[in-house]
Amino acid sequence: MSGDSQSAGSAQPHGIYIEPNRYTIFKGSSYSGADTDNFTVQPDSVTFATSFSSSQVTFEKASGEPSSFNPSANTITVTNSSGESKVITINRYGVVTVN
């Protein structure tokens, strides 16, 4: 994945797909495991859980706002091997907070 929307010719949505032991950054309006432009991160000793529908959040082109925002399904929980957790919350504007 090039990391920017310029290589695609025009701005397009990007998103994050969450799995229990890794996350994948993708371009487009939904995740496709077959897309060779995906960028997957698999950290050691960390697990992920999410309340986002279909385990993914997609951000609108230009504005960065989450598509189909649902305030009751907007978190990602990251837990380390010691059981310590942090909750990442994404609001309707795409702003990220960590608690």
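Residues numbered from 1 in each chain as written. Predicted model: local features only at pLDDT ≥ 70, side-chain atom pairs only at ≥ 80, totals over all residues. Heavy atoms only, no water.

Participant: Could you give me a rundown of the sheet that holds strand S6 (residues 75–80), with the residues and numbers involved?
Facilitator: Sheet strands pair via backbone hydrogen bonds, and the direction of the pair is either parallel or antiparallel. With antiparallel pairing, the four strands of this open sheet are ordered in space as S4-S6-S7-S8. The sheet terminates laterally at strand S4 (46–50) and strand S8 (96–98), the two strands that pair on one side only. Across the sheet, the axes of successive neighbouring strands diverge by a mean angle of 20 degrees, strand direction being ignored. As judged from the three bridges shared by strand S7 (residues 85–90) and S8, these two strands associate in the antiparallel manner. (Pairing = 2+ DSSP bridges. Helix = DSSP H or I, 4+ residues; strand = E, 2+ residues; numbered from the N terminus. Axes fitted to C-alpha atoms, helices over the stretch in contact; angles between N-to-C directions.)

Participant: Explain the pattern of salt bridges to me, and be specific about the residues and the numbers.
Facilitator: Scanning the model with the defined rule gives two salt bridges in all. The salt bridge involving arginine 22 is made with glutamate 19; its shortest N-O contact spans 2.8 Å. One salt bridge in this structure joins aspartate 37 and lysine 27, with 2.8 Å as the shortest N-O distance. Note that aspartate 37 is positioned in the loop between strand S2 (22–27) and strand S3 (39–41) and lysine 27 in strand S2, a separation of ten residues in sequence. Here aspartate 37 falls in the partly exposed class, since its relative accessible area comes to 29%. (Salt bridge = Lys/Arg side-chain N within 4 Å of Asp/Glu carboxyl O. Buried < 20%, exposed > 50% of the residue type's maximum accessible area, 1.4 Å probe, protein only.)

Participant: Explain the nonpolar core to me, and be specific about the residues and the numbers.
Facilitator: Residues Ile18, Phe48, Phe52, Val57, Phe59, Ile76 and Ile90 constitute the largest nonpolar core, which totals seven residues. Leaving out residues up to four positions away in the same chain, phenylalanine 52 has contacts with Val57, Ala73, Asn74, Thr75, Ile76 and Ile90. (Core = buried A, V, L, I, M, F, W, Y, C linked by side-chain atoms within 4.5 Å. Contact = heavy atoms within 4.5 Å.)

Participant: Quick rundown of the layout of surface pockets? Include the residues and the values.
Facilitator: Considered as a void within the structure, the largest pocket measures approximately 200 Å³ in volume. In the lining of the largest pocket, the residues fall into five nonpolar, seven polar and no charged. (1 Å grid on protein atoms, 1.4 Å probe; cavity = no way out; pocket = protein on both sides within 12 Å on 5 of 7 lines; lining within 4 Å. Points joined across faces, edges and corners; volume = space filled by probe spheres on them. Nonpolar A, V, L, I, M, F, W, Y, C, P; charged D, E, K, R; others polar.)

Participant: Can you tell me about the packing of aromatic side chains, naming the residues and giving the values?
Facilitator: Tallying each qualifying case throughout the model produces three aromatic pairs. Note on tyrosine 17 and tyrosine 31: the rings are 3.9 Å apart at their centroids and 5 degrees apart in plane angle, and the pair reads as stacked. Residue tyrosine 17 is found in strand S1 (residues 14–19), and its partner tyrosine 31 is found in the loop between S2 and S3; the two are separated by 14 residues along the sequence. The exposure class assigned to tyrosine 31 is partly exposed, which follows from its relative accessible area of 24%. Ring plane angle 70 degrees and centroid distance 5.8 Å describe the contact between phenylalanine 26 and tyrosine 31, whose orientation is recorded as edge-to-face. Overall, the relative accessible area of 1% leaves phenylalanine 26 in the buried class. Cluster of aromatic residues (ring-pair linked, three or more members): Tyr17, Phe26 and Tyr31. (Phe/Tyr/Trp six-rings, centres within 6.5 Å; stacked < 30°, edge-to-face > 60°.)

Participant: Please provide a residue-by-residue account of the sheet that holds strand S5 (residues 56–59), values included.
Facilitator: The four strands are arranged S3-S2-S1-S5 in an open sheet whose pairing can be described as antiparallel. Sheet topology places S3 and S5 at the edges, where each strand pairs with a single neighbour. Within this sheet the neighbouring strands show an average axis-to-axis angle of 15 degrees, counted without direction. Pairing geometry for S2 and S3, over three bridges, is antiparallel. Following the sheet pairing, threonine 24 is matched in S3 by threonine 40.

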